[in-house]
Amino acid sequence: MAEIQGKVSVSEAKRNLRAQPCTLVIFGGSGDLASRKLIPAVYNLLLDGALPPDYAVIGVGRHQMSDTEFHASLREGIVKHSRQPLREDRWKEFTSRLFYLAGEFDDAGTFQELKARLEKIERQLILPGHRIFYLAIPPTSIASTSQGLHQAGLVQPANNSAPFSRVIVEKPIGRDLASAQQINSTLSKVFDESQIFRIDHYLGKETVQNLLVLRFANGIFEPLWNHKYIDHVQITVCEEEGVGTRAAYYEEAGALRDMVQNHILQLLCLVAMEPPWSLDPDVVRNTRLEVLRSLRPITGADVNTYTVRAQYSPAVIKGVEVPGYRREQRVRPDSTTETFVALKVFVDNWRWAGVPFYLRTGKRMPKRTTEIAVQFRHIPQILFNADLASPLEPNLLALRIQPEEGFSFRIISKLPGSKVQIHPVNMDFQYGTAYGAASPEAYERLLLDVMAGDATLFMRRDAVEASWEWVTGILEGWQKHGTKWLPEYSAGSWGPVEADRLIEEEQRRWRMP
Ligand SMILES: NC(=O)c1ccc[n+]([C@@H]2O[C@H](COP(=O)([O-])OP(=O)(O)OC[C@H]3O[C@@H](n4cnc5c(N)ncnc54)[C@H](OP(=O)(O)O)[C@@H]3O)[C@@H](O)[C@H]2O)c1
C-alpha cells in the first residue's frame, strides 16, 4: 500500500468545518433512489463520523407506512447497497432519527403535516431548523412540491440570519432547453439560485474530483494540456445492462439526454476547462460554463457528420439470449430511441483549437466502464519512430472513473536485453490498492457538500441550460435530417460500424477500455 503523505485538501478541511446540523427531508423517501443511494449514503456518513451529530431524516412518499415499516423497508436497501455492512448497534441509533410521512405532493395538507412533524422532531432532537429538501421525485412533481413547501412557509429566504433552506434537484432537469428553462423558472419562484443544488452524481465520484487535482496540483500536465501536444480526447461511458425496468423513462430519453447532456458534458468540462483563479464554487462553475459555451454547435444536417446513434440488436451473451431494444418490455416496436450515441465534438477556443473530443455512450456494451483517455500527439518519425510501417504508440493518459478507479499513463520503454527493443508500458495507479479503503460513494460526498453549503460540484442554472441548448440543436437536427431506422449493434459489442467510421476516417481508433 502506498504511503500517504501530505496534507488534507483545502476543500476537505473546509467541508469538515462547515457541515451543519440539519434535517434532511427526502421527497420520494419510499422510492428506488432513496433506498439504493440516499439512505445508504447518510448511513455511511454516520459510520464514518462525517455526519454532524445533530441530524434527522424524514422520508415523504405516497405509500402509507409507519416509521417502523419505513425502517424495515430501508434495511433491505442497506444490506444490498451500502458500502459498509449493516451494524445492528449503529442501525438502531440511525433509525432513532429516521422518520416517515405519507402524503400526496399536490395536496397542501401534506405540507402542513410536514411542517408540524418537522417542528416536533426538531424540538425533540434539539435541531437548529436548517433544512435540506431532496426532490427524489418525478420531474412532473417538482412544481407542486416546491409550491407546497412555499405555501406552508417551509422555505426561508436566502442570506438571512434564519436557519437555511436548501433544495436538491435530481436529473432529468427537462428533456430539452424549453422544458429545462420551465423547471428552473418554477424552482426560482420559491428558491434563490444559491439555495438550489442540482445534482450530477458523476461530479461526486472520487476520480472525477481528482481530475482537477491531477491537472492543477501537478506541474507536468498543464504545460502539455492543449492543442499543441494533445491529439484527441475520448470519453467513454459504457453500460453492460440493457434498458431493464427503466424502459418507460428511457423511451422518452435515449442515450443523448440520459448520459451526454449531463454526465459526459460535465466530464468534458473538467478535462477542457481553464485553470480557475480560485476554488470558490462560483469561480469553478464559471470556468466549467465557459467550456459549454465554447462547444461548436452541431445542428441541421451536420448531425449526420458529427453524430452516430444506434440501437442494440438481439444477441447471445455468455450463453444467454438477450432481446434487441425494440423487443424489450414497454418499448415501442418501431422505437427510434437511441441506446448508443457517438459524437465528434470541438471546443472552439484557443487551447483546444482543432482537437476532437470523441464521446461515446451506450447500453448493452461489453462491460460497465467509464473512462477519459487523453491521447498525446505522435512523436516525429525519426530515431526510435523511424519505421513508417509500425509507428510507436503515442503517450496516453487514461483516467478510469469506474470501476477500479485510478489512472494509467502509457509511455514507451526499452525491453530489458542487449538489443534495442521498445514497447509501450503503463504506469498504473489504482485508488483501491493505493489507499486501501473503498472510496466514499458520490452521494455521500455530495450530501455532505449540501450540508456545508458548498455548491462547487453542483450544476448552476446557466450551465444546465447551456448544455441543453447544445444538446437541443442535435435533437432537432436528428428530427429533421436523421434517418427513421437507426443503425444497430449487437448487444454485447462496442457499438455500430458507423461509430468506428466516425473516428477511423481520421486514422484514429476507439480504445477498448
Ligand atoms: N433511481 C435512480 O437510480 C435515479 C438516478 C438518477 C436520477 N433519478 C431521478 O430521481 C427521481 C426519483 O427516482 P426513483 O427511481 O426513486 O423513482 P421511484 O422509485 O418511482 O420513486 C418515486 C418516489 O416519489 C414518490 N411520488 C411520486 N409521485 C408522488 C406524488 N404525486 N405524491 C407523493 N409521492 C409521490 C413515490 O412514492 P410511492 O412510491 O410511495 O408512490 C416514490 O417515493 C426521478 O426524477 C429520477 O429520474 C433516479
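Further up the page is the structure itself.
Rules used in this analysis
- Residues numbered from 1 in each chain as written.
- Predicted model: local features only at pLDDT ≥ 70, side-chain atom pairs only at ≥ 80, totals over all residues.
- Heavy atoms only, no water.
- Pairing = 2+ DSSP bridges.
- Helix = DSSP H or I, 4+ residues; strand = E, 2+ residues; numbered from the N terminus.
- Axes fitted to C-alpha atoms, helices over the stretch in contact; angles between N-to-C directions.
- Contact = heavy atoms within 4.5 Å.
- 1 Å grid on protein atoms, 1.4 Å probe; cavity = no way out; pocket = protein on both sides within 12 Å on 5 of 7 lines; lining within 4 Å.
- Points joined across faces, edges and corners; volume = space filled by probe spheres on them.
- Nonpolar A, V, L, I, M, F, W, Y, C, P; charged D, E, K, R; others polar.
- Expected span 1.5 Å × (residues − 1).
- Buried < 20%, exposed > 50% of the residue type's maximum accessible area, 1.4 Å probe, protein only.
- Arc of directions from axis to C-beta.
- Phe/Tyr/Trp six-rings, centres within 6.5 Å; stacked < 30°, edge-to-face > 60°.
- Patch = residues over 30% accessible without salt bridge, like charges linked within 9 Å, V, L, I, M, F, W, Y side chains within 5 Å.
- Areas by Shrake-Rupley, 256 points an atom, 1.4 Å probe, with all protein chains shown as cover.
- Salt bridge = Lys/Arg side-chain N within 4 Å of Asp/Glu carboxyl O.

Moving on, we get to the sheet that holds strand 14 (residues 396-402). With mixed pairing, 9 strands are arranged side by side in an open sheet as 16-15-14-13-7-12-11-8-17. At either end of the open sheet lies a strand with only one pairing partner, and these are strand 16 (422-430) and strand 17 (488-490). When the angles between neighbouring strand axes are averaged without regard to direction, this sheet yields 20°. As judged from the 9 bridges shared by strand 15 (residues 406-414) and strand 16, these two strands associate in the antiparallel manner. Considered in strand 16, the bridge of F409 is made with M427. In this fold helix 15 (residues 461-481) packs onto strand 8 (307-313) and strand 11 (340-346), with an angle of close to 120° to the strand it touches most, strand 11.

Counting across every chain of the model gives 1 cavity of 30 Å³ or more. The calculated volume of the largest cavity comes to roughly 40 Å³. Class assignment for the residues of the lining of the largest cavity results in 3 nonpolar, 1 polar and 3 charged.

With that settled, consider the sheet that holds strand 5 (residues 165-169). Spatial ordering of the open sheet is given by 3-2-1-4-5-6, a layout of 6 strands whose pairing is parallel. The open sheet has two edge strands with one neighbour each: strand 3 (98-102) and strand 6 (196-198). In this sheet, neighbouring strand axes are inclined to one another by 20° on average, regardless of whether the strands run parallel or antiparallel. As paired strands, strand 4 (residues 131-135) and strand 5 are joined by 5 bridges and run parallel to one another. Counterpart to L135 in the pairing with strand 5 is V169. Here helix 14 (residues 442-452) sits on the sheet and contacts strand 1 (22-27), strand 4, strand 5 and strand 6; the angle it forms with strand 5, its principal contact strand, is near 155°.

The next thing to look at is helix 3 (residues 67-81). Here helix 3 contains 15 residues, and its C-alpha end-to-end distance of 21 Å stays within 8% of the 21 Å for a straight helix at 1.5 Å per residue. Listing the buried residues of helix 3 in full gives F70, H71, L74, G77 and I78. The arc that holds the buried residues of helix 3, viewed along the axis, is 120°, so those residues lie on one side. Across from the buried face of helix 3, at angles greater than 90 degrees, the exposed residues are T68, V79 and K80. In this fold, the buried residues of helix 3 make contact with helix 2 (32-47), strand 2 (55-61), helix 4 (88-95) and strand 3.

Right, let's talk about the packing of aromatic side chains for a bit. In this description, an aromatic ring pair is defined by two values, namely the gap between the centres and the angle between the planes. This model, assessed by the stated rule, comprises 20 aromatic pairs. Ring centres of F221 and F409 lie 6.4 Å apart, and the angle between their planes is 90°; this geometry places the pair in the edge-to-face category. One end of the pair, F221, is in the loop between helix 8 (206-216) and strand 7 (230-238); the other, F409, is in strand 15, with 188 residues separating them in the sequence. Taking the relative accessible area as the measure of exposure, F409 reaches 21% and is therefore partly exposed. Here F407 and F429 contribute two aromatic rings whose centre-to-centre distance is 5.1 Å and whose plane-to-plane angle is 35°, an arrangement assigned as tilted.

For an α-helix the count is 3.6 residues per turn, leaving residues at separations of three or four pointing the same way. Among the residues of helix 4, those classed as buried are R90, W91, F94 and T95. Burial along helix 4 is one-sided: seen end-on, the buried residues are contained in an arc of 130°. Summarising the contacts, the buried residues of helix 4 are in contact with helix 2, strand 2, helix 3 and strand 3.

A cluster of nonpolar side chains, I382, L383, F384 and V420, forms an exposed patch at the surface whose accessible area comes to about 480 Å². Residue F384 is classed as exposed on the basis of its relative accessible area, which comes to 56%.

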